[in-house]
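# Overview (structure and organization)
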Amino acid sequence: MTTPADLKYTKSHEWVRVESDGTLTIGITDHAQEALGDIVFLELPEAGRAVNAGEECAVVESVKAASDIYAPVAGEIIANNEAASDAPESVNEDAYGNWLFKIKPNDIGDVDGLLDAAGYEAVAAAD
Amino acid sequence: MPHQTPLHAAHVEAGARMVDFAGWDMPVNYGSQIEEHHAVRTDAGMFDVSHMLALDLTGAGATDYLRKLLANDVAKIKTPGKALYSCMLNEKGGVIDDLIVYYFADDKYRIVVNAGTADKDVAWMRKQIAAQGANVTLEPRRDMAMIAVQGPNARARTWAAIPGSESASATLKPFNAIEIGPMMIARTGYTGEDGFEITLPAQDAAALWTDLMAAGVRPCGLGARDTLRLEAGMNLYGQDMDDNVSPLNAGLSWTVDMKDETRNFVGRDALEANPPTARLIGLILQDKGVLRAHQQVFTEHGEGETTSGTFSPTLQKSIAFARVPLDVAPGDAVEVDIRGKRLKAVAVKLPFARNGQALV
């Protein structure tokens, strides 16, 4: 399991990268992809949708099960990764390289409430 | 603490991801469920099925007892080693369990039941022994382990791993078993492929597992077992049928033998009083997504429900079993409610795949 130190994390196994323009790029963690097993389908949110923190906004389906993906903070969906939904197995291959969607946060300060790498590793270890 | 099979340490050593399954700590995969699935379709894979329970039934009353206990008729298996698949029903005609019974002699049978139902099954079988006053002895064999080796190369690789087994089992026909000392080799399985299910003393299991790996058999987890059995059109107890579902509504009419009118097996009266109201059919999803159990199905003839669903590695599409109105036929267009969206699917005849080939 890898947990890059430059990312933020949620207890529900999303990773969040703060971009230089203040938008957020979001995917699922390496721990999450490993637990899900072979990923075969992604249902991603449409750009323009407003989401609340903790709101279900995507679904990752593996051969084994369907898992909800949650918005880490409140904001507006501004993009989804079509390349990933066309090749869902890419998330198994590189969970951090294959993001799922981007959010323009209502308040960038909300990111401070997310976990750092050490905090997330503790959550994942307790799974 | 969940139970552990005699192969538990071997699974952990091989890097298996372990999960609780019916009270047993079992491997769900050893890295990639899809690769394990393809190994069984194209070469050979093996499954630890020691969580299932083998029971030995002996005594002069064994045949008569089983003819009342089971919905299928053991009287039609008369060759030593011949196996029969059957449901064991309650008085209401619901399925207590589905099982395989092996005939060795009129007073000697072996029965293999599911892990999750094993305690319930043994209690029911003992109750029926008492009710019938049957002259039989029922002996649970938790001292035995079971390994299923499945795939087009399963038999050849097993012969390479077990010295002397080829001469003993080369002529074994499908759905037959042979005893070699304390070991039983059966040409049965749950994947739609050729292969063997090997029952052997628990203390010998880890060595056989290692020898099978050395012979090129890939360890496979419960995940691949589920996608393989779904493609093969085989029911899973607790999902596609249970205590409240008649075998006639679960696609298992072919296992209910009513020919001998004097054979009053448990549940027969209920089945005769309640003709089938539904059928089990296959679905292939046309839209993007994955079918799962308990999704609502809309057909021209009324509503139904999926009972099992998954992504099929062989078809590269999502497939499901659905319990639907009797008039739904293969080829019918249906819709399935997946998280509030109605997606298009087509009804097909089961199975989806067998012997490495997609059939639909």
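So, how was this worked out
Residues numbered from 1 in each chain as written. Chains lettered and ligands numbered in written order. Predicted model: local features only at pLDDT ≥ 70, side-chain atom pairs only at ≥ 80, totals over all residues. Heavy atoms only, no water. Helix = DSSP H or I, 4+ residues; strand = E, 2+ residues; numbered from the N terminus. Rg over C-alpha atoms; globule rule 2.2 N^0.38 Å. Buried < 20%, exposed > 50% of the residue type's maximum accessible area, 1.4 Å probe, protein only. Salt bridge = Lys/Arg side-chain N within 4 Å of Asp/Glu carboxyl O. Pairing = 2+ DSSP bridges. Contact = heavy atoms within 4.5 Å. Buried area = accessible area lost by both parts, 1.4 Å probe. Polar contact = N/O pair within 3.5 Å; in protein donor to acceptor, adjacent residues only side chain to side chain. Nonpolar A, V, L, I, M, F, W, Y, C, P; charged D, E, K, R; others polar. Arc of directions from axis to C-beta. Core = buried A, V, L, I, M, F, W, Y, C linked by side-chain atoms within 4.5 Å.

## Overview of the overall build of chain A
- Along chain A, the regular secondary structure elements total 4 helices and 9 strands.
- Beginning at the N terminus, the succession of helices and strands in chain A can be written as β-β-β-α-β-β-β-β-β-α-α-β-α.
- What you see for chain A is a C-alpha radius of gyration of 13 Å, in line with the 14 Å of a compact globule of 127 residues.
- With 127 residues in all, chain A has 49% of them scored as buried.

## Observations concerning the overall build of chain B
- Counting its secondary structure elements, chain B contains 9 helices and 21 strands.
- Over its C-alpha atoms chain B spans a radius of gyration of 20 Å, differing by no more than 12% from the 21 Å that the globule rule assigns to 360 residues.
- Its C-alpha atoms give chain B principal-axis dimensions of about 55 × 50 × 40 Å.
- Counting every position in chain B, which comprises 360 residues, the buried fraction comes to 58%.

## Considerations on the pattern of salt bridges
- With the rule as written, the count across this model stands at 28 salt bridges over all chains.
- Notably, a salt bridge pairs Glu 43 of chain A with Lys 341 of chain B, separated by 3.7 Å at the nearest N-O pair. With Glu 43 of chain A in strand β4 (residues 39-43) and Lys 341 of chain B in strand β19 (residues 341-348), this residue pair bridges two chains.
- The class for Glu 43 of chain A is partly exposed, based on a relative accessible area of 26%.
- Take Lys 341 of chain B: its relative accessible area is 46%, and that puts it in the partly exposed class.
- Across the pair Arg 141 of chain B and Asp 56 of chain B runs a salt bridge, and its minimum N-O distance is 2.7 Å. Of the two residues, Arg 141 of chain B is situated in the loop between β8 (137-140) and β9 (144-150) and Asp 56 of chain B in strand β4 (residues 53-58); the sequence distance between them amounts to 85 residues. Judged on exposure class, the residue Arg 141 of chain B and its partner Asp 56 of chain B are both buried.
- Through salt bridges that share partners, Glu 43 and Glu 61 of chain A together with Arg 292, Arg 339 and Lys 341 of chain B make up one connected network.

## Section: the pairing of strand β2 (residues 14-18) of chain A
Residue and element names in this part refer to chain A.
- Two strands pair when backbone bridges link them, and strand β1 (residues 8-9) and β2 are joined in this way by 2 bridges, in the antiparallel orientation. What sits directly across from Lys 8, in β2, is Val 16.
- What sits between the antiparallel neighbours β1 and β2 is a turn of 4 residues, in which His 13 has the positive phi angle 75 degrees.

## Notes on the interface of chain B and chain A
- Counting residues at the interface gives 14 residues for chain B and 15 residues for chain A.
- For the pair chain B and chain A, the summed buried surface comes to about 1,300 Å²; carbon and sulfur atoms form 47% of the total.
- Among the residues of chain B in contact with chain A, Arg 17, Arg 292 and Arg 339 of chain B are the three that bury the most area, contributing 42% of the side total.
- Summed over the shared surface of chain B and chain A, the number is 5 salt bridges.
- Remark: the boundary between chain B and chain A carries 11 residue pairs in polar contact (both at pLDDT 80 or more).
- Secondary structure elements with two or more residues in the side of chain B that touches chain A: α2 (33-42) and β16 (302-312) of chain B.
- Looking at side-chain class alone, the side of chain B that touches chain A contains 4 nonpolar, 5 polar and 5 charged residues.

## Regarding helix α5 (residues 154-161) of chain B
Residues and elements named next belong to chain B.
- Restricting attention to buried positions, one finds in α5 the residues Ala 154, Arg 155, Thr 158, Trp 159 and Ala 161. The arc that holds every buried residue of α5, seen down its axis, measures 160 degrees, which confines them to one face.
- Next to the buried residues of α5 lie β9, α6 (165-169), β12 (195-201) and α7 (202-214).

## Remarks on unusual backbone geometry
All names here are of chain B.
- In this structure, Pro 351 follows Leu 350 across a cis peptide bond, with omega equal to 0 degrees.
- Its location among the elements puts Pro 351 in the loop between β19 and β20 (353-354).
- Phi angles above zero are rare outside glycine, and Gln 316 is one such case at about 60 degrees.
- Considering the arrangement of structural elements, one finds Gln 316 in the loop between β16 and β17 (317-325).
- Positive phi, normally seen in glycine, also occurs at Arg 339, with a value near 50 degrees.
- Relative to the assigned elements, Arg 339 resides in the loop between β18 (333-338) and β19.

## Comments concerning the nonpolar core
Residues and elements named next belong to chain B.
- In terms of nonpolar packing, the biggest core is built from 32 residues, with Phe 47, Leu 89, Tyr 102 and Met 241 touching the most fellow members.
- Broken down by secondary-structure element, the contributors of at least two residues to this core are β5 (83-89), β6 (95-105), β9, β11 (183-186) and α8 (222-231).
- Beyond its immediate sequence surroundings of up to four residues, Tyr 102 is in contact with Gly 81, Lys 82, Ala 83, Lys 108, Tyr 109, Arg 110, Val 112, Ala 177, Met 184, Ala 186, Thr 188 and Glu 197.
- With 28 residues, the next largest nonpolar core counts Ala 62, Leu 99, Ile 111 and Trp 124 among its residues.

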